[in-house]
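Structural features, examined
Chain by chain, the residues:
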Amino acid sequence: MNKLIIQPFMDENTNTVTYVLTDKTCNLSAIIDPVLDFDASSGTLSSASADKVIKYLDDNNFSLEWILETHAHADHITASQYIKEKRGGEIGIGEHIRIVQTTFKKIFNLDAEFPCDGSQYDHLFSDGEIIKLGHLNIQIMNTPGHTPACVSYLIEDAVFVGDTLFMPDYGTARADFPNGSAKALYQSIQKILALPGDTRIFVGHDYKAEGRDEYAWESTVFQQLRNNIHVKNGTSENDFVSMRNARDKTLAAPKLLLPSIQMNIRAGLMPDTEDNGISYLKIPLTSKLG
């Protein structure tokens, strides 16, 4: 009998799906990829999206054991620290977050004291590691490509793949962020698609592919192999890499890339306050003038 309850929450502002996983035999929960609301025009953080998740836990008397990140997101700010302060739980991410921290420390010229050892998180996961959610096992799968630190979480017959795969009619994630790799992404996708055909795949975002009016976030390995527009069965690595690289050149940077990354490499912690008691995010400027 399946012991896992899966409750999705769609944040339409960032097209992000947050998941609450619960072992129904003991009411212990994990949250995957929670969202903190951010108004870029005013620099205001708020918690309406995260509070919906917390209310769900409270309404069902679920205790929070884990807050799991699939990677350091470029399209939303994580609510992991906010939720931890409200409901407890330990924050985990793949161990290669250290690479992402080192890269963006240079890009944002962060203080020398900024640690790039992942110490902002409670746990750094290695490939193949198994953690517990109540009586259930969650297996960590390294699935780099979109970023070098991406992981997927396999529990019972379900795998939560973050930005590695999207719904079959939308395809796959971009691979042009620093240290991203279309080749690594292809290999990670093949790793996921080697799971049994009835394995349920839960994606981290949905953008309503052309001709589809409803959000969707669940498919299966079989459906992805048969229908994914970028990587269905028979797609070679070379063809995928060529397609992905060409497509990525046409994509604009995510709107919340610069603020999101600065907080997400801190596990959702805000930068240290300055002498006026306010935290600031940096915006690197480049010039194409003249």
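We now turn to the structure provided with this report. Here the residue numbers are simple positions, counted from 1 along each chain's written sequence. With pLDDT at 70 or above as the cut-off, local features in this predicted model cover only qualifying residues; side-chain atom pairs require 80 or more to be listed or tallied, and sums for whole chains, interfaces and linings still use all residues. By convention in this description, side-chain values take in all heavy atoms of the structure and omit both hydrogens and water.

What follows concerns the layout of surface pockets. A cavity, in this analysis, means grid points on a 1 Å lattice covering only the protein atoms where a 1.4 Å probe fits yet has no way out; a pocket is instead an open set bounded by protein on both sides within 12 Å along at least five of seven lines, and a residue lines either one if it has an atom within 4 Å of a point. Grid points are joined across faces, edges and corners, and a volume is the space filled by probe spheres set on the points. One number sums up the size of the largest pocket: a volume of about 690 Å³. Together, 31 residues line the largest pocket, and Thr-14, Asp-75, Tyr-207, Pro-254 and Lys-255 are the ones closest to its centre. Runs of E in the DSSP output that reach at least two residues are strands. Runs of H or I that reach at least four are helices, and both are numbered from the N terminus. Broken down by secondary-structure element, the contributors of at least two residues to the lining of the largest pocket are strand E4 (35-39) and helix H6 (237-248). Roughly 410 Å³ of volume is contained in the second largest pocket.

The next subject is the packing of helix H4 (residues 182-193) against H6. Close contact between H4 and H6 brings their axes to 9 Å; oriented N to C, the two are set at 125°. The orientation of H4 relative to H6 falls into the category oblique. Seen along the crossing, H4 lies across H6 with a hand that is right-handed. Touching Ala-182, Lys-183, Leu-185, Tyr-186, Gln-187 and Ile-189 of H4 are Glu-237, Phe-240, Val-241, Arg-244 and Asn-245, all from H6. Note on geometry: axes are C-alpha line fits, over the in-contact stretch for helices, and angles between N-to-C directions span 0 to 180 degrees. Roughly parallel refers to an angle under 35 degrees, roughly antiparallel to one over 145, roughly perpendicular to one between 65 and 115, and oblique to any angle outside these ranges. Note on convention: the crossing is left-handed when the near helix lies turned anticlockwise from the far helix by less than a right angle, right-handed when the turn is clockwise. A contact between two residues is defined here by any heavy atoms of the two lying within 4.5 Å.

Attention shifts here to the packing of helix H1 (residues 48-59) against helix H2 (residues 80-87). Two elements in contact, H1 and H2, have axes separated by 10 Å at closest approach and are oriented at 35°. Along this stretch, H1 crosses H2, giving a crossing that reads as right-handed. Between H1, through Ala-50, Asp-51, Ile-54, Leu-57 and Asp-58, and H2, the contact on the second element is made entirely by Tyr-82, Ile-83, Lys-86 and Arg-87.

Looking at the secondary structure, you find Leu-281 in the segment after helix H7 (257-264). Exposure remark for Leu-281: the relative accessible area of 30% places this residue in the partly exposed category. Note on exposure labels: buried denotes an accessible area under 20% of the residue type's maximum, exposed denotes more than 50%, and partly exposed covers the range between, all computed with a 1.4 Å probe on protein chains only.

Another point: H4. Helix length check: H4 (12 residues) gives 16 Å between terminal C-alpha atoms against 16 Å at 1.5 Å per residue, within 8%. For H4, the full list of buried residues reads Ala-182, Ala-184, Leu-185, Tyr-186, Ser-188, Ile-189, Ile-192 and Leu-193. Tucked inside the fold, the buried residues of H4 contact strand E11 (136-142), strand E12 (151-155), strand E13 (158-160), strand E14 (200-202), helix H5 (221-227) and H6. Counting of polar contacts relies on pairs of N or O atoms within 3.5 Å, with two restrictions inside protein: one atom must be capable of donating a hydrogen and the other of accepting it, and residues adjacent in sequence are counted only when both atoms are side-chain atoms. Its side-chain oxygen placed 3.3 Å from the backbone nitrogen of Lys-183, Ser-181 serves as the N-cap of H4. Here the expected span of a helix is defined as 1.5 Å times the quantity of residues minus one.

So, about the pattern of salt bridges. Opposite charge on two side chains allows them to pair when their charged atoms are near. One speaks of a salt bridge when a side-chain nitrogen belonging to Lys or Arg is within 4 Å of a carboxyl oxygen belonging to Asp or Glu. One pass over the full model with this rule turns up 9 salt bridges. Between Asp-59 and Lys-55 there is a salt bridge, and its shortest N-O distance comes to 2.6 Å. Placement of the pair is Asp-59 and Lys-55 together in helix H1, with a separation of 4 residues, close to one helical turn. The salt bridge involving Asp-122 is made with Lys-84; its shortest N-O contact spans 2.9 Å. Of this pair, Asp-122 sits in the loop between helix H3 (97-107) and strand E9 (123-125) while Lys-84 sits in helix H2, placing them 38 residues apart in sequence. Classification of Asp-122 by relative accessible area gives partly exposed; the value is 33%. Lys-84 sits in the partly exposed class, given a relative accessible area of 28%.

Each aromatic pair joins two rings of Phe, Tyr and Trp (for Trp, the six-membered one) with centres within 6.5 Å, and gets the label stacked for planes under 30 degrees apart, edge-to-face for over 60, and tilted for any other angle. Applying the stated criterion across every chain yields a total of 12 aromatic pairs. When the ring of Tyr-19 is compared with that of Phe-202, the centres are 5.6 Å apart and the planes differ by 75°; the resulting orientation is edge-to-face. Taken as a pair, Tyr-19 in strand E2 (residues 16-23) and Phe-202 in strand E14 lie far apart in primary sequence, 183 residues in all. Accessibility expressed as a relative area gives 2% for Tyr-19, which makes it buried. Relative to Phe-62, the ring of Tyr-56 lies with its centre 5.7 Å away and its plane at 70°, an arrangement referred to as edge-to-face. With relative accessibility at 14%, the residue Tyr-56 sits in the buried group.

We now examine the pairing of strand E8 (residues 90-94). Burial within E8 is extensive, with 4 of its 5 residues counted as buried. Strands were regarded as paired on the criterion that DSSP finds at least two bridges between them. Relative to E8, strand E6 (residues 63-68) runs parallel, the two sharing 3 bridges. Along E8, the bridge assignment pairs Trp-66 with Glu-90. Orient the strands so they point away from the viewer; a crossover is then right-handed if the path from the first strand over the helix to the second runs clockwise. In the classification by handedness, the crossover that spans E8, the intervening H3 and the parallel E9 is right-handed.

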